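# Reading the structure
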Amino acid sequence: MEPVFRSLEIAGRTAVRATGTRITFEGVENIPAEGPAVIAINHTSYVDFLPAALAATARKRRMRFMIKAEMQDVRVVDYLIKHSGTIPVDRRAGGDAYPVAVERLRAGELVGVYPEATISRSFELKEFKSGAARMALEAQVPIVPLIVWGAQRIWTKDHPKRLGRRKIPVTVATGTPMRATGSVPDVLAELRERMTAILYRVSEKYPHPAGAYWVPRRLGGSAPTPEEARAMDAAELAERARRRAEKR
């Protein structure tokens, strides 16, 4: 039954109704109705986990997300992590989380992974980390590509939150499962190709007003280009390192 997870599901649906968020699910039948899979999700927002999780619940499944370990510093969040099967990842030593994720897959679970690891400021796909491919290969499970689009309008990096009853449309598009075979680079290349195709299709179909901050540059928006976003990410990391050094 998992009462904490059930409470989170109810809270998530309530939040969607309260904000008037209109979620459209495409290809949800590609999420296995039973058995394990890695769900590879793009990352444009602080809230894109919720539409992705609701796609799984539409298949009567629960997704175990990998989440940055820093979130455990918040007492309430730490409680939820420990009681919902969420997998905390220390980004300085992510190897500790990897065997846990593989174990969950071997137990028949869905494990939600952000291959980009951090939010994309350009809203295009960033470089992928190898974890999703490695765990799928080791556990011998399929990878399901999943794109969430529109959530960046609600809350993303460098921009104010737009919470409240905004009635923002969000699309969740799921691609067909892919077999994880061959080398890690081969699997990552195929996964990236599939996710890019879905991302382009969904984002081009979604309204994209010229100059909007949440619209990629390729569609006429004012979001940073991937190159500009990489420079911003590097500056952010350097600033974090400076602050850590000051504290020490």
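As recorded in an unreviewed UniProt entry, the protein chain goes by 1-acyl-sn-glycerol-3-phosphate acyltransferase and comes from Mycolicibacterium grossiae.

From N to C terminus, the protein chain includes 7 helices and 7 strands. Listing the helices and strands of the protein chain from first to last along the sequence gives α-β-β-α-β-α-β-α-β-α-β-β-α-α. What you see for the protein chain is a C-alpha radius of gyration of 18 Å, in line with the 18 Å of a compact globule of 248 residues. Relative to its full complement of 248 residues, the protein chain shows a buried share of 47%. Sequence-distant contacts, at least 24 apart, represent 73% of the contacts inside the protein chain between residues at least 6 apart. Accessible surface, the protein chain: about 12700 Å² in total, of which carbon and sulfur atoms supply 56%. Averaging the positions of the 41 positive and the 28 negative side-chain charges in the protein chain gives two centres separated by 6 Å.

Within strand 2 (residues 37–41), 5 of the 5 residues are buried, leaving the element largely enclosed by the surrounding structure. The alternating pattern of strand 2 places Ala37, Ile39 and Ile41 on one face and Val38 and Ala40 on the opposite face, and all of these are buried. With 4 bridges joining them, strand 2 and strand 5 (residues 110–113) adopt parallel strand pairing. Bridge pairing in strand 5 links Ile39 to Gly112. As paired elements, strand 2 and strand 6 (residues 143–149) share 4 bridges and run parallel to each other. Note that in strand 6 the partner of Val38 across the bridge is Ile143.

Cut-offs and rules
Think of each chain on its own: its residues are numbered from 1, step by step along the sequence as written. At least 70 in pLDDT is required for a residue's local features to be given in this predicted model, at least 80 for side-chain atom pairs to be given and counted, and no such filter applies to totals for whole chains, interfaces and linings, which use all residues. The side-chain quantities take in all heavy atoms of the structure and omit both hydrogens and water. Under the DSSP-based scheme used, a helix requires at least four consecutive residues in state H or I and a strand at least two consecutive residues in state E, with every element numbered from the N terminus. Atoms counted for the radius of gyration: C-alpha only. Globule rule: 2.2 Å times residue count to the power 0.38. Partly exposed describes any residue whose relative accessible area lies between the buried limit of under 20% and the exposed limit of over 50%, with all areas from a 1.4 Å probe on protein chains only and scaled to the type maximum. Contacts were defined at the residue level, with two residues in contact if any of their heavy atoms lie within 4.5 Å. Per-residue and other accessible areas were derived by the Shrake-Rupley procedure at a 1.4 Å probe size, with only the shown protein chains allowed to occlude residues. Charge convention: Lys and Arg are scored as positive, Asp and Glu as negative, and His as well as the terminal groups of each chain are ignored. Charged side chains are reduced to one point each, which is NZ for Lys, CZ for Arg, CG for Asp and CD for Glu. Note on pairing: two strands pair once DSSP finds at least 2 bridges between them.

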